[in-house]
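What the coordinates show
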Amino acid sequence: MLKAVFLTEEFYRAYEKCAEIEQKKTRPYIMVEVFVDGVLWGVPLRSHITHEYVIWTDKENGCGIDFTKAVVIEKPDEYISDNAPHIRPNEFKVLKTIDAYSVSQKMKQYIKAYKKAKQCRTVPRNKRLVQFSTLQYFEEYL
């Protein structure tokens, strides 16, 4: 089963200069933990998603697990909050059907797409993928 967590203020302070890392002081993002090649990633649940790098939890309303805003959780003891997230019931029901392996495989696919896009940034679609991805801050883990 997937584990949903909040990240701490320490995490957001450490990455405050990283514009693509989503930060909301009043309503933090719920992150789904996933390991990829031994690295712990937090992949946020988001709304208003309009791209393909997602596992939908409520497609009709554009909600899902958004791989474009994934972050590495380098210091789990410091960066994962003790506060338990509250997930909307309709999304929770869907999340219970998604296994960690599926999330890890989708994350691997996204990393592969990011690396490929990086090789040819003159293509507008690739330029946008790289520019708006949080992976740019965690390339040492790719």
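See the structure shown above.
Note that the structure is a prediction, hence the values are computed from the model and not measured. (Residues numbered from 1 in each chain as written. Predicted model: local features only at pLDDT ≥ 70, side-chain atom pairs only at ≥ 80, totals over all residues. Heavy atoms only, no water.)

Here we come to the packing of aromatic side chains. In this structure the tally under the stated criterion is six aromatic pairs. Here the aromatic rings of F11 and Y79 are separated by 5.4 Å at their centres, their planes lie at 80 degrees, and the arrangement is edge-to-face. Here the residue F11 occupies a position in helix α1 (residues 9-14), and Y79 occupies one in helix α2 (residues 76-79), the gap between them amounting to 68 residues. Ring plane angle 50 degrees and centroid distance 5.3 Å describe the contact between Y15 and F138, whose orientation is recorded as tilted. Of this pair, Y15 sits in the loop between α1 and β2 (31-36) while F138 sits in the segment after α5 (124-132), and the two are 123 residues apart along the sequence. Residue Y15 shares its accessibility class with F138, and that shared class is buried. An aromatic cluster is defined as three or more aromatic residues linked by ring pairs; in this entry it consists of F11, Y12, Y15, W41, Y79 and F138. (Phe/Tyr/Trp six-rings, centres within 6.5 Å; stacked < 30°, edge-to-face > 60°. Helix = DSSP H or I, 4+ residues; strand = E, 2+ residues; numbered from the N terminus. Buried < 20%, exposed > 50% of the residue type's maximum accessible area, 1.4 Å probe, protein only.)

Here we take up the side chain of D58. Mapped onto the secondary structure, D58 falls in strand β4 (residues 54-58). For the buried D58, which has no salt bridge, the nearest side chain bearing the opposite charge is R88, at an N-O separation of 5.8 Å. Within polar-contact distance, the side chain of D58 engages the side chain of N61 at 2.9 Å. The residues touching D58, leaving out its near neighbours within four places in the chain, are C63, N90 and E91. (Lys, Arg positive; Asp, Glu negative; His and termini not counted. Salt bridge = Lys/Arg side-chain N within 4 Å of Asp/Glu carboxyl O. Polar contact = N/O pair within 3.5 Å; in protein donor to acceptor, adjacent residues only side chain to side chain. Contact = heavy atoms within 4.5 Å.)

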